[in-house]
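Spelled out from the first residue to the last, the chains are:
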Amino acid sequence: MCGIAGWLDRDRDLTRETETVRRMADTLARRGPDDSGVWTAPRIGLGHRRLAVTDPEHGQQPMTATGPDDGRDTAVVSFSGEIHNHRELRAELRARGHRFRTASDTEVILAAHREWGAEAITRFAGMFAYALWDIGTQTLYLGRDPLGIKPLYYAEHAGGVVFGSEPKALFASGLVRPEVDAEGLVDVFTVAAKRPGDAVYRTIRQVLPGHILRFDHNGTTSHRYWQLVTAPHEDDQETTVATVRSLLDRIVAEQTVADVPLGALLSGGIDSSAITAIGASAMAAEGLGTLATYSVDFAGGEDDFTADALHVSRDAPFVRAVVDHVGTKHQEVLVEPASLLSESGIALRARDYPGVGDLDVSLYLLFREVRRHLTVALSGEGADDAFGGYPWFASEAERPSGGFPWSAGVKDRNAVLSPQLRPHLDLHERLQSRYREALDEVPHLDGESGVDRRMREVYYLQHTRFLPFLLDRKDRMSMANGLEVRVPYCDHRLVEYVWNVPWRLKRLGGREKGLLRAAVEDALPTEVVHRPKSGFPVGQSPEYLESVRTAVSDMIEDPGSPAMELLDADTLRAMVRNQDWVNGTFTPPPILPRALQLNEWLTAYDVQVVL
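Residues numbered from 1 in each chain as written. Predicted model: local features only at pLDDT ≥ 70, side-chain atom pairs only at ≥ 80, totals over all residues. Heavy atoms only, no water.

Student: Break down the pairing of strand β8 (residues 153–157) for me, citing the residues and quoting the values.
Tutor: Buried residues dominate β8, accounting for four of its five residues. As paired elements, β8 and strand β9 (residues 160–164) share five bridges and run antiparallel to each other. Following the sheet pairing, Ala 155 is matched in β9 by Val 162. Count of turn residues in the β8/β9 antiparallel hairpin: two residues, of which Gly 159 carries a positive phi of about 100°. One ladder, built from two bridges, connects β8 with strand β11 (residues 205–206); its direction is antiparallel. (Buried < 20%, exposed > 50% of the residue type's maximum accessible area, 1.4 Å probe, protein only. Helix = DSSP H or I, 4+ residues; strand = E, 2+ residues; numbered from the N terminus. Pairing = 2+ DSSP bridges.)

Student: Any chance you could break down the packing of aromatic side chains for me, citing the residues and the numbers?
Tutor: Under the criterion given, the structure shown has 18 aromatic pairs. With 5.3 Å between their ring centres and 70° between their planes, Tyr 390 and Phe 466 make a pair best called edge-to-face. With a gap of 76 residues between them, Tyr 390 in the loop between α13 (383–387) and α14 (391–398) and Phe 466 in helix α16 (residues 450–479) connect regions that are remote in the sequence. The pair Tyr 390 / Phe 466 is uniform in exposure class, with both members buried. Ring plane angle 25° and centroid distance 5.5 Å describe the contact between Phe 404 and Trp 406, whose orientation is recorded as stacked. Judged by its relative accessible area of 4%, Phe 404 falls in the buried class. With relative accessibility at 1%, the residue Trp 406 sits in the buried group. Members of the aromatic cluster, each reached through a chain of ring pairs, are Tyr 390, Trp 392, Phe 404, Trp 406, Tyr 435, Phe 466 and Phe 469. (Phe/Tyr/Trp six-rings, centres within 6.5 Å; stacked < 30°, edge-to-face > 60°.)

Student: Any details on the packing of helix α11 (residues 344–351) against helix α12 (residues 358–371)? Residues and values, ideally.
Tutor: Across the interface, α11 lies against α12 with an axial gap of 9 Å and an inter-helix angle of 90°. Considering the angle they form, α11 stands roughly perpendicular to α12. For the pair α11 and α12, contact is made by Ser 344, Ile 346, Ala 347 and Arg 351 and by Asp 360, Val 361 and Tyr 364, respectively. The residue makeup of the contact of α11 with α12, split by class, is four nonpolar, one polar and two charged. (Axes fitted to C-alpha atoms, helices over the stretch in contact; angles between N-to-C directions. Parallel < 35°, antiparallel > 145°, perpendicular 65-115°, else oblique. Contact = heavy atoms within 4.5 Å. Nonpolar A, V, L, I, M, F, W, Y, C, P; charged D, E, K, R; others polar.)

Student: Break down the state of the cysteines for me, citing the residues and quoting the values.
Tutor: Under the definition given, this model contains zero disulfides. You can see Cys 2 has no disulfide; the closest cysteine sulfur is in Cys 490, sitting 20 Å from it. (Disulfide = S-S within 2.5 Å.)

Student: Would you mind going over the pairing of strand β5 (residues 73–83) in detail, with residue names and values included?
Tutor: Summarising burial for β5: nine of the eleven residues are buried, a large majority. Here β5 runs beside strand β6 (residues 126–134); their pairing, made up of nine bridges, is antiparallel. Counted as the bridge partner of Ala 75 is Asp 134 from β6.

Student: Which residues make up the nonpolar core, and what are the values?
Tutor: Counting 135 residues, the largest nonpolar core has Phe 124, Tyr 130, Phe 189, Leu 567, Leu 572 and Trp 601 as its most contacted members. Sorting elements by how many residues they give to this core places α16 first, with eleven residues. With sequence-adjacent residues up to four places away left out, Tyr 130 is seen in contact with Ile 4, Val 77, Ser 78, Phe 79, Ile 109, Ile 121, Phe 124, Tyr 141, Leu 142, Gly 143, Leu 152 and Ile 212. (Core = buried A, V, L, I, M, F, W, Y, C linked by side-chain atoms within 4.5 Å.)

Student: Explain the environment of Thr 74 to me, using residue names and the numbers behind them.
Tutor: Tracing the backbone shows Thr 74 in strand β5. Exposure remark for Thr 74: the relative accessible area of 29% places this residue in the partly exposed category. Thr 74 sits 62 residues away from Gly 136 along the chain, and the two C-alpha atoms are 6.2 Å apart. Among residues more than four places away in sequence, those in contact with Thr 74 are Ala 65, Thr 66, Gly 67, Trp 133, Asp 134, Ile 135 and Gly 136.

Student: With reference to specific residues and values, describe the pattern of salt bridges.
Tutor: Charged atoms that come close allow side chains of opposite charge to pair. Summed over all chains, the structure comprises 54 salt bridges. In this structure, the salt-bridge partner of Arg 430 is Glu 183, at a minimum N-O distance of 2.5 Å. Taken together, the positions of Arg 430 in helix α15 (residues 427–441) and Glu 183 in helix α5 (residues 182–189) put the pair 247 residues apart, joining distant regions of the chain. Classification of Glu 183 by relative accessible area gives partly exposed; the value is 24%. A salt bridge links Arg 434 to Asp 198, with the shortest nitrogen-to-oxygen separation between them at 4.0 Å. Remark: Asp 198 occurs in the loop between α5 and β11 and Arg 434 occurs in helix α15; sequence separation between them is 236 residues. Assigned by exposure class, Arg 434 and Asp 198 land together as buried. Linked through salt bridges whose partners overlap, the residues forming this network are Arg 31, Lys 150, Glu 166, Lys 168, Arg 351, Asp 352, Asp 360, Asp 472, Arg 473, Asp 475 and Arg 476. (Salt bridge = Lys/Arg side-chain N within 4 Å of Asp/Glu carboxyl O.)

Right under this line is the structure:
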């Protein structure tokens, strides 16, 4: 999976900045614990931290390509992620005369660039971010996968650009400071409302999903190579179900290929259970042995669990049903509630900005345990977004909310803001503005109206605002443990097909994700096929909740708490006294753990607020 970093500068000799580039890359050591490398030339420096997954022996990076005649270097790349169709591409490139010295997908990127130039990115299926320096044209390319599964940040400066898998790599260059303005604070105080390309920090951007940036002597240009294309869906129900299954079979089979131990994350829901069943079948067909699966629960969860809007049932019984039916080698990971607060700082540093509290930490702890056994894990992330699994899909079909669907229940967003911040930041107004911007982007179908038109909007919002939030969380918490998590439902070939399937087919049988259930029902136990959506487990133990209250109370009374310049003390005190912050919905995630992360972020990163 790896971490990448680099620096392009037209005004200075970067062969003298090798240690700076190395320092940038080494901030990403958790993403790539197996190896490191640096490549510099007068105007460019590329750094890499490697998690060895494909061809561990020969896939070191940065990797260079040499000319077929003179043996001189023609290009160099630093790459994070996986090109899942690299075997197919390798065969095509060999037929065109290319020769390979490794079995890695990194070398396929270099050969593809030599054959097709920047357009090579349109041929890649996978999750990836890369920096490629074309030596002959003195051009830097920064490319990112269609759905934005893998992150890539950059900050332009006079004479060039610095870039990396996470903001921390840019800070290590010494050219970028951690500053946040009002728009960045919107990203901190809200969930899943970040505009594409925003990165919380004032001077940092993200390469947009489905885009490739070009930096050369003419300046910076951005090219969009992939987007959701709206078209009439012509397939009937039977064909649609069969096509979804065929795509899943192909994609999961591609993603079970690895030169290191691989398993699956299993919650007992339809999403992860389908990936588990199909993955186990693919591995068996290739003679790769029994699939290992992992689930998470909280110690004492059987006694502490209380059903709510997003957590309708405990996972354990359904996990066991899948394990018995499919025949996986399973292990349950138990998270101690006390660690949800004590490990919060690690989750913060994985993101480089405040996240969603214990929802981040519990995922981090799951991945930490899984990494002791695996290097690669398959995940069901993205199915709810593609097939309509969250409760707000049905709600929007019946009664449109006029805003981001997942936050429709929030009454007063500004209540948590300090009196001195409110004149500079109206969260309701900012979110409505962002919502209108998002609607203007929706590629509607001519003549589409009523429920179909609204659901087209909802799916677009989901793919461009909510799913990036989930993928960002998944990437940071997994890569902080050096674990590669693959997300078959986010393969662009599946997403672009399901995008045009009408709401009535996605909701076959009147059920959320009815289309997905129909596509995989032959592979799973009946009770799992019909299990309603239930969210990722959250901390509900009294001990954890009390520890959060105590920590927040201490923060409020501490005159040195920087977060209290942004937060309203009376509002937080009221939350400490009652249960309103544990509301059992996603709107919003519990604010008190996030307030603690905000305070630590402002302190640890020495963040300057610019209003």
